[in-house]
Structure formats: C-alpha cells, structure tokens
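Topology and contacts: notes
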Amino acid sequence: VAAVAWRTRVLAYLPLQGGPQGPLRLFASLASASRAWALAAELFAAPSAAEDRDDIGSDVASAVWARWGGARWPGLGESALAKPGAHCSAALLRECLRWPPPAPSAAQEAPLAAWAFVVEVRREARSLWRATLAGEENLIKAAPGSCATLLERVDTVLPGDLRRLAVAGVVAALNDGKAEETCHAGLIVAIHGPSGRRVRLPVALAPNSRRDPAQAPPAGAWAPTSAGGPAVLMGAVLGLGCRPARSSYPQGSLEVQLGLAFVGPGGQWLQGGALAVAAMLEALAAWSPNAV
C-alpha cells in the first residue's frame, strides 16, 4: 500500500506539467512499468476506485484532474468539480468528450418511483383517515387531459372497523361543503425514499377521488397560508370518497377512494404529469421553506 501511495502522489504532478499530451504519454509509460505503477495509475485515473482501497490519493487526484480539465474547458478548475470532496476523474472527463453522446437507456425509472406521499385527514386533534400513496404503484392510467388526479388509492373498510364511521363522516362533510366549517383538514408529506428528504405540501380537501381538469382547483391548495405570504410553488388537492364495497366483501363494507391531484403556480392544475411533479418536489426539497 505504501509503495502504491507514493507512486500515486508522483502521478498527481504529471498533468500539471506542460501541455496535456506530454504528461499523459509519460503517465501511460509509468503504468506499464510494474504492477505497483499500474495500480497507482488506476487509482489516480478513477478516484472512485480508490474508495475501495483505503482512499489512496483520491482527493488529490480529483483536484488535479479538475485543473487538467481546465485546459479543455476554461473555468472547470474553478468550478464545483475542483472543490474538496468532489469526484472529478479521467473517466468523467472522457465521458464529457464523447460524441455523439450516448442515447438514453430505453428502460428508465418512473419519475415518482422514489417518492411516497403520506396522507392524513384530521378533525382538529383527531386523526380520521391515514394512507400512503406510492409514487409509481398508485399512478392513474388515464388518457391525457381526461383527469386532473394523478394518484389514486382504494382501500376496503370492513364492518366493525372504527375508521368506517370516521371516513363516512368526512365524506359527508365534503359532499355538503362543510369540511372547513367542521374543522376537517388534510396533511400531505412527500418523502424521498433513498435520501429521506421531506416536503410538506399545502392541501385542500375535496369530495370524490378524481378531479375534472375543466374545473378550477380549490383555492386552499395554492393560496398563501398567511396574509402577504408568498404563493406556494406546488400544492395538492386531496379527494376522498366512499361507496359500498364489492359483493366479495362482508355486507356493510366500504370502499374508500383517495385521490391526489397537484396544483402549480397561479392556482392552475399542474401540467406535465409525474415528471412535472417529480421536478417540483426536487426543487422544493432543495430550497423551499416547506422542506422538513
């Protein structure tokens, strides 16, 4: 390890000497001299590989490759790629030089696959209904423009379940337009699974799970929460409905339908589907005060 370490630090000075071609020829020659020099060259050329071998010279290599890349892209040596902790390598710079750029893979992850929406409906301090909508599994497969609701979940409540009366009361209040008068409120927190980032969205409650795109969204999904406050970047409309369950369930069972639609700036339905929602969530998670 010690033999490789000092060779790695020697290689770190080569790209800084003279033009870009001469040092690289010497770099290649040294790599073929012995196994120690070859391993040092591998660690230096790809700092990510160094992380598996006690991180030999990875910080030095990243900074040096960023400075060397500045000869081809002026300003790269002063960018975020040259800052401590960045991962700049020969492989990364070669990828930037590839032309034509590689075509994107046909199999791409769904935009909302990493997000989950934790939902709760409350009346004052009492929780009446809770559910989680998965960003991919609960996507509605509807023709574009036919439905403003993007996510929908259906649950069945059996007779004797205390939630049955609670959710029936919420739906009745929503259908009568008395949800605000009876102090019903919704809570939605979007959670990014891989990182744990969380975004709390303004929410308005509405009857039935699906929204008609021709009708304007409720104002509560996007209006400022306090007088003079800034308009939100994205809000949500939480639709709740219920109906008798199918005959395969015990008599008296309820099918609870929960729908989630999104509202963009200006109080209009957010266009662009799951991709637009994912982009908004990433922006909110990065800099919005709504991130928690």
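This structure is a prediction, so every number in the text was calculated from the model and none was measured.

This brings us to the confidence of the model for the protein. Low pLDDT marks regions whose predicted coordinates should not be analysed in detail. Summary statistics for the protein give a mean pLDDT of 78 and a share of 70% for residues scoring 70 or more. Predicted confidence is poor over residues 18-22, with pLDDT under 50, and the contacts of this stretch with residues over four places away or in other chains come to 2 contacts. Long-range and interchain partners of residues 47-57, a stretch whose pLDDT sits below 50, account for 20 contacts in this model, where long-range means more than four residues apart.

This paragraph deals with the nonpolar core. F117, F262 and L281 are the most contacted members of the largest nonpolar core, which has 41 residues in total. The element contributing the most residues to this core is helix α8 (residues 273-287), with 8 residues. One finds A206, V237, A261 and V263 within the second-largest nonpolar core, a separate group that totals 8 residues.

Once that is clear, we can look at the packing of aromatic side chains. Inspection of the entire model under this criterion finds 1 aromatic pair. When the ring of F117 is compared with that of F262, the centres are 5.6 Å apart and the planes differ by 55°; the resulting orientation is tilted. A residue pair is termed long-range when its members are at least 10 positions apart, and F117 in strand β1 (residues 115-123) and F262 in strand β8 (residues 254-263) qualify at 145 residues. With respect to burial, F117 and F262 carry one shared label: buried.

Turning our attention to α8. Its 15 residues give α8 an end-to-end C-alpha distance of 22 Å, which sits within 8% of 21 Å, the value for a rise of 1.5 Å per residue. Along α8, the residues that are buried comprise A274, A276, V277, A278, M280, L281, L284 and A285. Contacts from the buried residues of α8 go to β1, β3 (149-157), β4 (184-192), β5 (198-201) and β8.

Time to look at the pattern of salt bridges. For the structure on display, the rule yields 7 salt bridges. Here E152 makes a salt bridge to R210, at a shortest N to O gap of 2.8 Å. Taken together, the residues span a long stretch of sequence, with E152 in strand β3 and R210 in the loop between β6 (203-207) and β7 (235-244) at a distance of 58 residues. A relative accessible area of 43% means that R210 is categorised as partly exposed. Each of E120, R122 and R130 takes part in a single network of salt bridges with overlapping partners.

Next up on the list: the pairing of β8. For a regular strand, the rule is simple: side chains alternate between the two faces of the sheet. With 10 of 10 residues buried, β8 is to be regarded as a mostly interior element. Residues L254, V256, L258, L260 and F262 line one face of β8 and the alternating positions E255, Q257, G259, A261 and V263 line the opposite face, and both faces are buried. Inspection of the sheet shows β3 paired to β8 by 8 bridges, in the antiparallel sense. Pairing of T156 across the sheet is with E255, part of β8. Relative to β8, β7 is paired through 10 bridges, and the arrangement is antiparallel. Among the inter-strand pairings, G235 is bridged to a residue of β8, identified as V263.

Rules used throughout
- Residues numbered from 1 in each chain as written.
- Predicted model: local features only at pLDDT ≥ 70, side-chain atom pairs only at ≥ 80, totals over all residues.
- Heavy atoms only, no water.
- pLDDT = per-residue confidence, 0-100.
- Contact = heavy atoms within 4.5 Å.
- Core = buried A, V, L, I, M, F, W, Y, C linked by side-chain atoms within 4.5 Å.
- Buried < 20%, exposed > 50% of the residue type's maximum accessible area, 1.4 Å probe, protein only.
- Helix = DSSP H or I, 4+ residues; strand = E, 2+ residues; numbered from the N terminus.
- Phe/Tyr/Trp six-rings, centres within 6.5 Å; stacked < 30°, edge-to-face > 60°.
- Expected span 1.5 Å × (residues − 1).
- Salt bridge = Lys/Arg side-chain N within 4 Å of Asp/Glu carboxyl O.
- Pairing = 2+ DSSP bridges.

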